[in-house]
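# Descriptive structure summary
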Amino acid sequence: EVSPKFMEQYDTHRTYRIPAQAMEKYTSFYLALNEIPELMVSENLGVFYRGNEKVIILLNGVKTSEVELTAIDKSDISKVELYSEPPARFMNTGA
């Protein structure tokens, strides 16, 4: 799990940086998302946030699938932003 020193809290969201050492435990960036508190990722079941399966993942503001996240090189990701309530700028993405 990401330690507090790799997390920043904002009014609207939290930002996480998954350390390289933690990323090494996973075969893909998609599975490395398990390092984020309250986020559960499974190859078979999908993504859950606080038990809710209605999770939309955006990569640079574009809706992204599990397949796409699995194909991304783990070293290409610098941070993950987690919104409980997505802001208006993401509404066109289906968020």
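Each chain carries its own residue numbering, running from 1 in the direction its sequence is written. Local features in a predicted model are, by the rule used here, given only for residues with pLDDT of at least 70; side-chain atom pairs are given and counted only at 80 or more, and totals for whole chains, interfaces and linings are based on all residues. With hydrogens and water set aside, each side-chain value is computed from the structure's full complement of heavy atoms.

## A closer look at the overall build of the protein
- Looking only at helices and strands, the protein features three helices and seven strands.
- Of the regular secondary structure in the protein, the N- to C-terminal order runs β-β-α-α-β-β-β-β-α-β.
- For the radius of gyration, the atoms used are the C-alpha atoms, and the globule rule reads 2.2 Å times the number of residues raised to 0.38. Against the 2.2 N^0.38 benchmark of 12 Å for 95 residues, the protein shows a C-alpha radius of gyration of 13 Å, consistent with a compact globule.
- With the principal axes as the frame, the protein shows a C-alpha extent of 35 × 30 × 25 Å.
- Relative accessibility under 20% of the residue-type maximum defines a buried residue, over 50% an exposed one, and the middle range a partly exposed one, all with a 1.4 Å probe and only protein chains included. The buried share of the protein, reckoned over its 95 residues, is 37%.
- Whether two residues touch is decided by their heavy atoms; if any such pair falls within 4.5 Å, the residues are in contact. When contacts within the protein are restricted to residue pairs at least 6 apart in sequence, those whose partners lie at least 24 apart make up 44%.
- Note that accessible areas follow from Shrake-Rupley with a 1.4 Å probe, and for residues the cover is restricted to the protein chains shown. Surface accessibility of the protein: about 6,400 Å² in total, with carbon and sulfur atoms responsible for 50%.
- Positive and negative charge centroids in the protein, built from 10 and 14 side chains respectively, lie 4 Å apart. Where helices and strands are cited, they refer to DSSP runs of H or I of at least four residues and of E of at least two residues respectively, numbered from the N terminus. By the counting scheme adopted, Arg and Lys are positive, Glu and Asp are negative, and His together with the chain ends is not counted. Just so you know, the charge point we use is NZ for Lys, CZ for Arg, CG for Asp and CD for Glu.

## Quick look at the environment of glutamate 43
- Turning to its location among the elements, glutamate 43 is positioned in the loop between strand S3 (39–42) and strand S4 (46–49).
- In the structure, glutamate 43 is positioned 24 residues away from proline 19 in sequence and 21 Å away in space, judged by C-alpha atoms.
- Those residues in contact with glutamate 43 that sit more than four places away from it in its chain are Thr27, Tyr30, Leu31 and Glu66.

## Let's talk about the sheet that holds strand S7 (residues 80–82)
- When DSSP finds two or more bridges between a pair of strands, those strands are recorded as paired. Spatially, S1-S2-S7 is the arrangement adopted by the three strands of the open sheet, whose pairing is antiparallel. Looking at which strands have only one partner, the edges of the open sheet turn out to be strand S1 (7–9) and S7. This sheet shows a mean twist of 20 degrees between the axes of neighbouring strands, independent of strand direction.
- Both S1 and strand S2 (residues 14–16) contribute to a ladder of three bridges, which runs antiparallel. Each bridged residue has a counterpart across the sheet, and for methionine 7 the counterpart in S2 is tyrosine 16. Helix axes are fitted only over the stretch in contact, all axes being lines through C-alpha atoms; the angle between N-to-C directions runs from 0 to 180 degrees.

## Thoughts on the nonpolar core
- Within this scheme, the nonpolar core is defined by two criteria: the residues are buried Ala, Val, Leu, Ile, Met, Phe, Trp, Tyr or Cys, and they are joined through side-chain atoms within 4.5 Å. In terms of nonpolar packing, the biggest core is built from 22 residues, with Ile18, Phe29, Leu33, Ile36, Leu39, Val41 and Leu69 touching the most fellow members.
- Those elements that provide at least two residues to this core are helix H1 (20–23), helix H2 (29–32), S3, S4 and S7.
- It is H2 that contributes the most residues to this core, four residues altogether.
- Once residues within four sequence positions are removed from consideration, leucine 39 is found in contact with Leu33, Asn34, Val47, Phe48 and Tyr49.

## Regarding the pairing of S4
- Bridge count between S3 and S4: four bridges; the pairing is antiparallel. By the bridge assignment for S4, serine 42 is matched with glycine 46.
- Turn length for the S3-S4 hairpin, with the two strands adjacent in sequence and antiparallel, is three residues.

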